[in-house]
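Okay, here's what each chain looks like letter by letter:
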Amino acid sequence: MTEATSTTTQQVVRIEAPAKINLGLELLGKRPDGYHEIRTVMAMIDLVDHLSIKRRANSGQDVSGVDLRGEQNLIAVARDAYSVASGVCRPVHIDVTKHIPIGAGLGGASTDAAATLMGLDALTPPDQRLSAEQFATAAASVGSDVPFFLGPPLALASGTGATIAPLPLMTVSWWVVLVSPPIELPRKTATLYGMIDAADFTDGTRTDELMADLTEQRCPAFGPELLANPFRQAWNRLGDPISPLEQSLIAAGATWTALSGAGPTVYTLVDDPERAGLIVERLRTRIPATVAINLVPLRSRSMRIEPPHATAP
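Summary of the structure given here. (Residues numbered from 1 in each chain as written. Predicted model: local features only at pLDDT ≥ 70, side-chain atom pairs only at ≥ 80, totals over all residues. Heavy atoms only, no water.)

Here we look at the sheet that holds strand 10 (residues 258–259)
Here is step 1 of the chain: Here we have 4 strands laid out as an open sheet, ordered 10-11-9-12, and antiparallel in their pairing. In the strand order of this sheet, the two ends are held by strand 10 and strand 12 (292–297), each with one partner.
Here is step 2 of the chain: In the packing of helix 8 (residues 243–251) onto the sheet, the strands contacted are strand 9 (175–180) and strand 11 (266–270), and the crossing angle to strand 11 comes to about 20°.
Here is step 3 of the chain: Docked against the sheet, helix 9 (residues 273–284) engages strand 9, strand 11 and strand 12, running at close to 15° with respect to strand 9. (Pairing = 2+ DSSP bridges. Helix = DSSP H or I, 4+ residues; strand = E, 2+ residues; numbered from the N terminus. Contact = heavy atoms within 4.5 Å. Axes fitted to C-alpha atoms, helices over the stretch in contact; angles between N-to-C directions.)

Given below as structure tokens:
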């Protein structure tokens, strides 16, 4: 790998990295490679992190604005994956402004990694950029959720989660009330998968039903059955710290709740923004201030990136 030649011109690119929710999730079983076969519809939401990636005049790479230790190191992993795939280690500074709760089941680490890949590619001269196949391979190597954030805002994720099939946007405008508790679970994803047993596996029928509604532009019958998630049972086996939040959401006016990804974020969808706002107002009087509450719409566009532009050194 070679070090890119520094220039007096510094370029910066800014990316808006959205969170996601899972509209239901099914585990079909365990694969021969040890991973689980999943089937889920993923939807981007307008809760976003902001990344700024700047070409440096001097050598070196660094990241600010986020703790890169442990499991939250996907920005550095994505940066290194792009360098390996391109064969060039370009000096950059990456700054992150976080708004997506960390480790919440909203894809915050994965969307930041996707934004990093997209930004680095935008800063690379056109004739030196990765091919579509190289880019897809690099994205999948960083994390199974990363490819989703590089595509359209609504899609089916299958296989290990890295196989993405776009879906048409819904005709109804939905607002998402999110409740994200600060539950720290070491090695969260691995721990929760370890709590899954064969009784939690399903055949994908629920996801197929949702996909049929979306494909035919019908309004899905959102609720606890259609949006069931086996990781909810996993949390039950860990003492069920999520139940009080679900009860608070219902008491605040939600008709149902669902778990996003591996959690612990729970959410509900509301088609009336005034009613959604009222639910949030009531929630703030019922749950501790340490619990993050967000009210955002489902997103109608993909990850947004500004064209690179010159900046002062």
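Points about the packing of helix 1 (residues 74–86) against helix 2 (residues 108–123)
Here is step 1 of the chain: Put simply, helix 1 and helix 2 touch, their axes get as near as 8 Å, and they point 30° apart. Taken together, the axes of helix 1 and helix 2 lie roughly parallel to each other. At the point where helix 1 passes helix 2, the crossing takes the right-handed sense. On the side of helix 1, the interface is formed by Leu74, Ile75, Ala78, Arg79 and Tyr82, while helix 2 contributes Ala109, Ser110, Asp112, Ala113, Thr116, Leu117, Leu120 and Asp121.
Here is step 2 of the chain: Residues belonging to the contact of helix 1 with helix 2 are distributed by class as follows: 8 nonpolar, 2 polar and 3 charged. (Parallel < 35°, antiparallel > 145°, perpendicular 65-115°, else oblique. Left-handed = near helix turned anticlockwise from the far one by under 90°. Nonpolar A, V, L, I, M, F, W, Y, C, P; charged D, E, K, R; others polar.)

Considerations on the pairing of strand 3 (residues 36–55)
Here is step 1 of the chain: Counting buried residues along strand 3, 16 of its 20 residues qualify, which places the element largely inside the surrounding structure.
Here is step 2 of the chain: With 17 bridges joining them, strand 2 (residues 10–30) and strand 3 adopt antiparallel strand pairing. In the strand pairing of strand 3, isoleucine 15 is matched with leucine 51.
Here is step 3 of the chain: Linking strand 2 back to strand 3 in an antiparallel pair, the connection comprises 5 residues, with glycine 34 at a positive phi of about 95°.
Here is step 4 of the chain: Relative to strand 7 (residues 154–159), strand 3 is paired through 6 bridges, and the arrangement is antiparallel. When the bridges of strand 7 are listed, alanine 43 appears paired with leucine 154. (Buried < 20%, exposed > 50% of the residue type's maximum accessible area, 1.4 Å probe, protein only.)

Observations concerning the pattern of salt bridges
Here is step 1 of the chain: Tallied over the full model, the rule gives 15 salt bridges.
Here is step 2 of the chain: Glutamate 16 serves as the salt-bridge partner of arginine 299, at 2.8 Å between the closest nitrogen and oxygen. Note that arginine 299 is positioned in the loop between strand 12 and strand 13 (304–305) and glutamate 16 in strand 2, a separation of 283 residues in sequence.
Here is step 3 of the chain: By relative accessible area, which is 10% here, glutamate 16 ends up buried.
Here is step 4 of the chain: Its salt-bridge partner being aspartate 33, residue arginine 31 comes within 2.9 Å of it at the nearest N-O pair.
Here is step 5 of the chain: When its relative accessible area of 44% is taken as the criterion, aspartate 33 is described as partly exposed.
Here is step 6 of the chain: In the salt-bridge network here, residues are joined through shared partners; they are Glu16, Asp46, Arg299, Arg301 and Arg304. (Salt bridge = Lys/Arg side-chain N within 4 Å of Asp/Glu carboxyl O.)

Focus: the nonpolar core
Here is step 1 of the chain: With 33 residues, the main nonpolar core has Ile53 and Met303 as its most contacted residues.
Here is step 2 of the chain: Beyond its immediate chain neighbours, meaning those up to four positions away, isoleucine 53 contacts Gln11, Val12, Val13, Ile15, Val92, His93, Ile94, Ala115, Thr116, Gly119, Leu120 and Leu123.
Here is step 3 of the chain: Within the second largest apolar cluster, 29 residues are counted, among which are Val41, Ala104, Phe222 and Tyr267. (Core = buried A, V, L, I, M, F, W, Y, C linked by side-chain atoms within 4.5 Å.)

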